[in-house]
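# Coordinate analysis (summary)
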Amino acid sequence: MVKQRERVEQLPTYIQGKSIPGAIKLSSNENPYPPLESVAQVVRDQAGSIQLYPDMGAVAIRARIAERFEVRPEEVAVGAGSVEVANQLISAAAGEGDEVVFAWRSFEAYPILVQIAGATPVAVPLTADDRHDLPAMAAAITERTRLVLVCNPNNPTGAGVSTAELDEFMKAVPSDVLVVVDEAYVHFNNDPESADGIDFFRRYENVAVLHTFSKAYGLAGLRIGYAIAREQVADNLRKVAVPFGVSALAQQAAIASLDAEAELDERVQVLVAERARMTEELRRLGWPVLDSLGNFVWIRTGERTSEIDVALRESAVIARAYGTDGIRISVGSPEMNDRFLAAIAPVAPISAD
Ligand SMILES: *Cc1c(COP(=O)(O)O)cnc(C)c1O
């Protein structure tokens, strides 16, 4: 046996949403729609140049993102998916002996990335109604804390963080601790009270925002996401990034997607309407479902989680089960969602108490 880092030997492996032939996959929060023709065409055109390295500075896409959000290109850093950008943010801020605070349950990659960086994860339990407990998160900050991750809306529970709550939280956070607002699902978030990460970035020096092209824009397979952060931080993200990590296909498809934002938003609105339909139908069947602001719904199934997961699977519907916490079901096309609703209809619901 060769010597490996002890921490790495002990890490859990990130688990991908399962897929089974013939079953419908509602386990990875993927966009059910194929790429827009305008985006697919750009990818086909770009395929003729894959013998070349991409632009390492990602100049064109960073300029396009900067224009879109009225920030400077220097304040934009890209990565191979926002997971890679989260990795950059963590490794730029925290190492051995440092702490990174996040809510739990939240995005599964957080504790893994923190441990890879050699830092200490500080997981703060969600409230009883599955929301971020921001006062408890503020109380968990010590002189060792370098970074706080706020997932809005939270994956997998779908709960949002309001502007008032985040302002209150920011007042308690030291100005030299970076707060990263992960807005992977921002396009699906239709709560007017919800905190707007970009607005917080403008108002607080120590806020960075994480966005992805994987969910609303349907580019999960191409791997591109970005952070908007102060230039000091964004420069460091570029330093720790894997060189040439974002392909030219991804950079060009991202530009084409921003150019087609209105068309993509029509699809997002279909998914938002489907989310409401699934939520309503689940409640009608007797399931206690909280409002979700993402492209998924969350059922707190507790001890019955694995039983219900198996029942869905037997009806060829793959959802994502989380231990003894709950089940997350991605919002698919109307047909896929009908299949999910038909699969769950015969299952006895959890009592809402
Ligand atoms: C899906 C997701 C991401 C990012 O996905 P990428 O494909 O790496 O861009 C980031 N954060 C959260 C909370 C997510 O659910």
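Residues numbered from 1 in each chain as written. Predicted model: local features only at pLDDT ≥ 70, side-chain atom pairs only at ≥ 80, totals over all residues. Heavy atoms only, no water.

Looking at the ligand, there are 13 residues lining it, with Ser82, Tyr185, Thr212, Ser214 and Lys215 nearest. Backbone polar atom of valine 83 to an oxygen atom of the ligand: 3.0 Å apart, as the coordinates give it. In this structure, an oxygen atom belonging to the ligand sits 2.8 Å away from a side-chain N or O atom of asparagine 155. Bound to the protein, the ligand loses 94% of the 380 Å² it would expose on its own. For the shell around the ligand, the residue count by class is five nonpolar, five polar and three charged. (Near = heavy atom within 4 Å. Polar contact = N/O pair within 3.5 Å; in protein donor to acceptor, adjacent residues only side chain to side chain. Areas by Shrake-Rupley, 256 points an atom, 1.4 Å probe, with all protein chains shown as cover. Nonpolar A, V, L, I, M, F, W, Y, C, P; charged D, E, K, R; others polar.)

A few words now on the domain arrangement of the chain. Each domain of the chain was delimited in the assignment, giving domain 1 (15–34 + 262–344) and domain 2 (37–259). At the junction of the two partners, domain 1 supplies 22 residues and domain 2 supplies 23 residues. Buried surface at the junction of domain 1 and domain 2, summed over both partners, amounts to about 2,100 Å²; 55% is from carbon and sulfur atoms. The tally of links from domain 1 across to domain 2 stands at three salt bridges. The residue arginine 105 makes a salt bridge to aspartate 325 at a minimum N-O spacing of 2.6 Å. Taken together, the links from domain 1 to domain 2 amount to 13 residue pairs in polar contact (both at pLDDT 80 or more). Its residues assigned to classes, the side of domain 1 that touches domain 2 shows nine nonpolar, seven polar and six charged. (Domains from an automatic or database assignment. Contact = heavy atoms within 4.5 Å. Buried area = accessible area lost by both parts, 1.4 Å probe. Salt bridge = Lys/Arg side-chain N within 4 Å of Asp/Glu carboxyl O.)

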